[in-house]
Protein chains: 2
Amino acid sequence: MSVKKKDNKFQEQFISFLQQKGFIWGPEPELYGGLAGFYTYAPLGKRLKNNVENRIRSVFQKNDMWEVECPTIMQKEVWQASGHLDNFTDPLVACSKCNASFRADKLIEEKYDDVVADAFSEKELLDFINDKKIKCPVCGSQFIQEIKQHNLMMKTTIGTKIEAYNRPETATTTYLPFIRYVDYFRKKIPFGVFQIGKAYRNEISPRQHVLRMREFTQAEGQMFIFKEQKNNFERYDLIKESKLPLWSHQLQDTSKEPKMISVSDAMKKGYLKNQAYAWSVNLAYTLFREIGIPEEYIRLRQHTPGELAFYADDAWDLEIKTNSFGWVECCGIHDRTDYDLTQHAKASGKKLEALDENNEKTVPNILEIAFGTDRPVFALLDITYNQAEDRTVLFVPYNLAPIQVAVLPLVKRDGLDTIAKELFNKLNGKFIAYYDEGGSVGRRYARMDEKGTPYIITTDTDTLTDNSVTIRDRNSTKQIRIQLEDVPDVLDNLFSSKKQFEDLGKIIE
Amino acid sequence: MSVKKKDNKFQEQFISFLQQKGFIWGPEPELYGGLAGFYTYAPLGKRLKNNVENRIRSVFQKNDMWEVECPTIMQKEVWQASGHLDNFTDPLVACSKCNASFRADKLIEEKYDDVVADAFSEKELLDFINDKKIKCPVCGSQFIQEIKQHNLMMKTTIGTKIEAYNRPETATTTYLPFIRYVDYFRKKIPFGVFQIGKAYRNEISPRQHVLRMREFTQAEGQMFIFKEQKNNFERYDLIKESKLPLWSHQLQDTSKEPKMISVSDAMKKGYLKNQAYAWSVNLAYTLFREIGIPEEYIRLRQHTPGELAFYADDAWDLEIKTNSFGWVECCGIHDRTDYDLTQHAKASGKKLEALDENNEKTVPNILEIAFGTDRPVFALLDITYNQAEDRTVLFVPYNLAPIQVAVLPLVKRDGLDTIAKELFNKLNGKFIAYYDEGGSVGRRYARMDEKGTPYIITTDTDTLTDNSVTIRDRNSTKQIRIQLEDVPDVLDNLFSSKKQFEDLGKIIE
């Protein structure tokens, strides 16, 4: 598959596909006209999202990181200490005539593809807008010469008067049980935890479908590690020869393309500053490869020095090339240093330390792999959606497909439907199966292709005499006859990659 | 296992076990003193919760119900139409002296085990409190003679001025995409959907650990069905001979115990009013059996006529007997009639109808299986936790255990640790595995028993000569020697129940 360019016509057609075919609906509640930035995962989208999230869980777990589930609401004190109450703001400009408000940085970035305006000061934002004569997208008038900082947190009240907020990230809530972790992991540092759950940001103008929502699902991995351990990190050896598509901030000045380079070479060149951080960047890359994003659609972009978040020491973003919106930031790998634990120790009055190798009480650092699951799911759909003249197919990886197998009777008579229904009942539960007897078989194949279903089993008149059925492979559209009673084992073997489709028998011409 | 009585000493010891051993921490954030009604699932608790939720998913899916994920925040109009803004309130009484507020119904129920006060009117609540001379639990003074209705919803703001609320249930958000569902299911009614996700209730006095929280996880299944189809429900035939522990409201007057009775007999006696509702009650029971709650710990209790929720036509609760808190309501099966769709049609101005068998536009009814995942997880832990003199064991079902297998070297030398570590690396990813080399082997066995780990593999000096290891079974504590290279297959066979532990070889005496 080659990387296509950002494409507005594609975008429109693709998002309509998501709505019509039962992947993602919204903005929700559609019935009430919709609230910008809120979406519903429809049955197929939700199954895909679950599969992606379970794969993420399994990769984290395999890398000795343990999942926790922390509250999504916490009181003011927490967000004061974390810095979010003061700093988690977006710079807004308002139109002098129609009064509409816009994020100043996004306004610039959407007009100027090459500009990264995140890190602009208020003055730089205003200067840029004036220099380039950017006008209100609604009414075309001038903007008021003032940046207003809009806090992104959603406030609520607990009990009758406790000020609290829906969390703007999982990360902070993951850090707070630090003392419990130290005990749970029996004082062994480094240790890793992660959280997959909701976060909330009151964006002033949510857009780009599920890419910038007000409610979204984050998946954030956190490693607690002493500073001294970062360059003495045992697991580094396991990954040092892996290759990563790195686009360092130096390279960004001279090249439009990242370079495939081994982790150890990147360390030698100073692109990645220590072993544990390099390991984290590699894990992020592994996570996205494992959820089915093709290699050529991923790049790792280093933040420029001016672009760093207020808590970060170094940062790389993992970006995915989508057909709908071009390159999209999907994950950040941050060295948060001891910022968070120090802040929360100060605010809570409790020591957040552990014993290091010299038996000294020390505040660990935190290395973070921060991403969400909405963007990768969107990207996966965007990249694998293929509308050609003859057929529309979702080429989603076989073992992530929302529906694994469909069972169809060729025609709805002569008992073919009864046999198909029995087979469906046998498969369902063990596999995600789907039964469909409505309409021509060609139409039904087409419907399953759109859903990305890897295999279709069809009963036909031969089934009545020799107990065989056809199995059809989505990607090749080829069919092979197999025995009815072998279907569960055949599917098992195919999904576990113990067998290839072509090994099942003779392709039907 | 016999059903034990509610036990305060057990409760204390058990909740401390959950905290100490890494199951559930809180109230969170503990670091900031804790906010009542918010908890963190620690690594072991989270894994168990995931396993329970995935089992629920799979049972729903097998019963042709499809998962969706809807926003957890919706605007005011939605909650006005659903009735929550007006009716979703708790009756509070306040102390005349210390000003503390309490839920009047719970105040009564906690003092009088046999009284169900949910359905009491304001006058009945006050009369009961006065009759029984119930005083403020904090300072012992009299209550003010007034019931205040406290709305349970958590309010927030979207954008700069849109009034919105964290959802108090998943159900309403699940109903709103009705028009999309009709299209997705190709106009075939009945159809079923479900949602597993967060809901929020601003309880005035959250208590009983994770049983009554302010933020919790719901799992609610919804079947959309025409009224006429309820007694012509195809899938009823598949379950009519199943037996259920029914405690009808008539029986509640005469007996402390439910009766095991087949679904068809319950229909004949009029306990369950139609086939589709009976099927739903049976599915609820199946769900809880499938997540490992033993038969003798479950009863199905019918609501008394005065107890019905404002939207419900009939209702049964599934209750679980816990050692910590006695019988706990864990699930409600409700016939919500056409209440919700009619309300949202009125409020949105859109028709929420589908074509019935007579080709007439009709508003379907909704049958709901409403439960959460926190209570079953708590109940499962509570029921399977067993502290005896010689060992503390969590007898959680093998295939729901947070950690599936542990690998230990008998001693940390002679290469036993290297072999064990290699085996761990081979198993981890395929299974949830755990490596432990710290402390005496007895102590390490004990630690794995507390975590509920079904199998422990140990390398010892014999491993060096004949490549064999021991596998230990949690429940029996028996051990058998197997070959190192067979371990993955052996575990596969045990977890898929293809083999019994005793079939693996000779028990070591």
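Residues numbered from 1 in each chain as written. Chains lettered and ligands numbered in written order. Predicted model: local features only at pLDDT ≥ 70, side-chain atom pairs only at ≥ 80, totals over all residues. Heavy atoms only, no water.

1. A short note on helix α14 (residues 374-384) of chain B
Thinking step 1. Burial within α14(B) is extensive, with ten of its eleven residues counted as buried.
Thinking step 2. Along α14(B), the residues classified as buried are B:D374, B:P376, B:V377, B:F378, B:A379, B:L380, B:L381, B:D382, B:I383 and B:T384. (Buried < 20%, exposed > 50% of the residue type's maximum accessible area, 1.4 Å probe, protein only. Helix = DSSP H or I, 4+ residues; strand = E, 2+ residues; numbered from the N terminus.)

2. So, the sheet that holds strand β8 (residues 154-158) of chain A
Residues and elements named next belong to chain A.
Thinking step 1. Taken together, three strands build an open sheet; the order of strands is β4-β9-β8 and the sheet is antiparallel. Both edges of this open sheet fall to β4 (73-75) and β8, since each of them pairs with a single strand only. On average, each strand axis in the sheet is tilted by 40° relative to the strand beside it, whichever way the strands run.
Thinking step 2. Sheet topology places β4 next to strand β9 (residues 162-166); three bridges connect them, and they run antiparallel. Residue Q75 lies in a different strand from β9, and its bridge partner there is A164. (Pairing = 2+ DSSP bridges. Axes fitted to C-alpha atoms, helices over the stretch in contact; angles between N-to-C directions.)

3. Quick look at the relation of the copies chain A and chain B
Thinking step 1. Laying chain A over chain B is done by rotating through 180° and shifting 0.0 Å along the axis; what remains is an RMSD of 0.1 Å. The superposition operator between the copies reduces to a two-fold rotation axis. Judged by C-alpha distance, A:T156 is the residue of chain A that lies nearest the rotation axis, at 2.6 Å.
Thinking step 2. Looking at chain A, 100% of its interface residues are interface residues in chain B too, so the copies touch through the same face. (Least-squares fit on C-alpha atoms with pLDDT ≥ 70 in both. Contact = heavy atoms within 4.5 Å.)

4. So, the sheet that holds strand β22 (residues 405-409) of chain A
All names here are of chain A.
Thinking step 1. In space, the five strands of this open sheet follow the order β23-β22-β24-β25-β26, with mixed pairing throughout. Looking at the sheet topology across the chains shown, the edges are occupied by β23 (433-435) and β26 (479-483). Taken over all neighbouring pairs, the strand axes of this sheet differ in orientation by 25° on average, direction set aside.
Thinking step 2. Bridge analysis of β22 against β23 gives three bridges, and the strand direction is parallel. Across the sheet, the residue bridging to V407 is Y435, located in β23.

5. Let's talk about the pattern of salt bridges
Thinking step 1. Summed over all chains, the structure comprises 76 salt bridges over all chains.
Thinking step 2. A:K273 is paired through a salt bridge with A:D335; the nearest N and O atoms lie 3.3 Å apart. Note that A:K273 is positioned in the loop between α11 (263-268) and α12 (275-290) and A:D335 in strand β16 (residues 326-335), a separation of 62 residues in sequence.
Thinking step 3. Across the pair B:K240 and B:D237 runs a salt bridge whose closest N-O atoms are separated by 3.4 Å.
Thinking step 4. Each member of the salt-bridge network shares a partner with another, and the members are A:K46, A:K49, A:E53, A:K198, A:E215, B:R57, B:E67 and B:E69. (Salt bridge = Lys/Arg side-chain N within 4 Å of Asp/Glu carboxyl O.)

6. A few points about the nonpolar core
Thinking step 1. Ranked by size, the top nonpolar core spans 116 residues in total, and within it A:L272, A:F288 and A:I293 carry the most contacts.
Thinking step 2. Looking at this core, the element that brings in the most residues is α12(A), giving ten residues.
Thinking step 3. Not counting chain neighbours up to four residues away, the residues in contact with A:F288 comprise A:I293, A:I298, A:L318, A:I320, A:C330, A:C331, A:F371 and A:P376.
Thinking step 4. One finds A:A81, B:I196, B:L244 and B:V281 within the second-largest nonpolar core, a separate group that totals 115 residues. (Core = buried A, V, L, I, M, F, W, Y, C linked by side-chain atoms within 4.5 Å.)

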